[in-house]
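Observations on chain architecture
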Amino acid sequence: MSSPGSDRIEDVMTELHEREDVAAPVSRRNVLLRLGAALTALGGAVMALPIVGFVFSSFARPKHAAAWVSLGPLEQFPVNQTRLAVYRNPYTRPWDGDTANIPCWVRRIDEQNFQVFAINCTHLGCPVRWFPGSRLFMCPCHGGAFYEDGSRASGPPERGLYEHQHKIEGGNLIVLGGYLPTLAEPL
Ligand code: FES
């Protein structure tokens, strides 16, 4: 049978042990583990930033960053001829350089009527070339061919060339740059 005094001493000893547990100094191993975990989390967050930015960039970008851009004076495009023209994509970043220069084929049908074709083949996107002798657009990649009005002539492409919206203003041919109609979003 223990006396009240010895009980008291036991209580005090127990309390002291508990305090030692709580106030035990953090070991170097624990510090290094926590530091390692923090650095790993930080590294992961830094590496994830570009991925998150890429995923959300499509939401942040305007759906159609389109703007009317001049292709030049009408005199540059003789009637009944098809000429190559280039415009600067209105949605560019400083590092885009020459990739922001967008080529297109301009067909002048008569004084007031034009067609402006995207240069990319509607099969897999190779640039098509205009052959005035045969009056055909030909694709060098898989032999796709298009008539002068852009409609499909032969080969793997399943449809005609895409056309840019355009208008005439102040004696210039103006094209809606930065927007290309597709099957999902036609003109
Ligand atoms: S990319 Fe033009 S035919 Fe294939």
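Provided above is the structure to which this section pertains.
So, here's what we can say about the structure. (Residues numbered from 1 in each chain as written. Predicted model: local features only at pLDDT ≥ 70, side-chain atom pairs only at ≥ 80, totals over all residues. Heavy atoms only, no water.)

Once that is clear, we can look at the overall build of the protein chain. Each helix and strand counted, the protein chain has two helices and 10 strands in total. Along the protein chain, helices (α) and strands (β) appear in the sequence α-α-β-β-β-β-β-β-β-β-β-β when read from the amino end. Restricting to contacts in the protein chain with at least 6 residues of sequence separation, those with at least 24 account for 47%. With an accessible surface of roughly 12700 Å², the protein chain has 60% of that area assigned to carbon and sulfur atoms. (Helix = DSSP H or I, 4+ residues; strand = E, 2+ residues; numbered from the N terminus. Contact = heavy atoms within 4.5 Å. Areas by Shrake-Rupley, 256 points an atom, 1.4 Å probe, with all protein chains shown as cover.)

On to the state of the cysteines, then. This model, assessed by the stated rule, comprises one disulfide. Between the sulfur of Cys-126 and that of Cys-141 lies a disulfide, 1.9 Å long from S to S. Classification of the bridge connecting Cys-126 and Cys-141 rests on its S-S torsion, roughly -90°, and on that basis the disulfide is left-handed. Here Cys-141 lies in the loop between β6 (136-138) and β7 (145-147) and Cys-126 lies in the loop between β4 (114-118) and β5 (129-131), a separation of 15 residues in the sequence. The exposure class of Cys-141 is partly exposed, given its relative accessible area of 37%. (Disulfide = S-S within 2.5 Å. Buried < 20%, exposed > 50% of the residue type's maximum accessible area, 1.4 Å probe, protein only.)

Right, let's get into the nonpolar core. Among the nonpolar cores identified, the biggest contains 12 residues, and these are Val-69, Leu-71, Leu-74, Phe-77, Ala-85, Tyr-87, Cys-104, Val-106, Phe-114, Val-116, Leu-173 and Val-175. When residues of this core are traced back to their parent elements, those giving at least two are β1 (67-73), β2 (81-88), β3 (101-108), β4 and β10 (172-177). Ranked by size, the runner-up nonpolar core spans 11 residues in total, among them Val-128, Phe-137, Cys-139 and Phe-146. (Core = buried A, V, L, I, M, F, W, Y, C linked by side-chain atoms within 4.5 Å.)

Applying the stated criterion across every chain, the model contains four salt bridges. As a salt-bridge pair, Glu-111 and Arg-108 come within 3.2 Å of each other at their nearest N and O atoms. Between Arg-135 and Glu-148 there is a salt bridge; the shortest N-O distance is 3.0 Å. In this pair, Arg-135 sits in the loop between β5 and β6 while Glu-148 sits in the loop between β7 and β8 (152-154), placing the two residues 13 residues apart along the sequence. (Salt bridge = Lys/Arg side-chain N within 4 Å of Asp/Glu carboxyl O.)

Further remarks concern the pairing of β4. Counting buried positions over the five residues of β4 gives five, a clear majority of the element. By the alternation rule, side chains of β4 split into Phe-114, Val-116 and Ala-118 and Gln-115 and Phe-117, which are all buried. Here five bridges tie β3 to β4, and the two strands are oriented antiparallel to one another. Bridged to Arg-107 within β4 is Gln-115. (Pairing = 2+ DSSP bridges.)

Turning next to the packing of aromatic side chains. One pass over the structure, following the stated rule, counts four aromatic pairs. Note on Trp-105 and Phe-137: the rings are 6.0 Å apart at their centroids and 55° apart in plane angle, and the pair reads as tilted. Remark: Phe-137 occurs in strand β6 and Trp-105 occurs in strand β3; sequence separation between them is 32 residues. A residue is classified by how much of its surface remains accessible, and Phe-137, at 0% relative accessible area, is buried. Taking the centre distance of 5.3 Å and the plane angle of 70° together, the rings of Phe-117 and Phe-137 count as edge-to-face. In this pair, Phe-117 sits in strand β4 while Phe-137 sits in strand β6, placing the two residues 20 residues apart along the sequence. Taken together, the aromatic side chains of Trp-105, Phe-117, Trp-130 and Phe-137 make up a single cluster linked through ring pairs. The ring of Trp-68 carries Lys-167 above its face, with NZ or CZ at 4.3 Å from the centroid. (Phe/Tyr/Trp six-rings, centres within 6.5 Å; stacked < 30°, edge-to-face > 60°. Lys NZ or Arg CZ within 6 Å of the ring centre and 35° of its normal.)

Bringing a nonpolar patch on the surface into the picture now. Among the surface-exposed residues, Leu-32, Leu-35, Leu-39, Leu-42 and Val-46 lie close enough to one another that they form a single nonpolar patch of about 510 Å² accessible area. Relative to the elements of secondary structure, Leu-39 occurs in helix α2 (residues 28-60). (Patch = residues over 30% accessible without salt bridge, like charges linked within 9 Å, V, L, I, M, F, W, Y side chains within 5 Å.)

For the rest of this paragraph, the subject is the environment of His-142. Along the chain, the position of His-142 falls in the loop between β6 and β7. It is 7.3 Å that separates the C-alpha atoms of His-142 and Gly-155, two residues lying 13 residues apart in sequence. Other than its neighbours up to four places away in sequence, His-142 contacts His-123, Leu-124 and Pro-156. Within polar-contact distance, the side chain of His-142 engages the side chain of His-123 at 3.1 Å. (Polar contact = N/O pair within 3.5 Å; in protein donor to acceptor, adjacent residues only side chain to side chain.)

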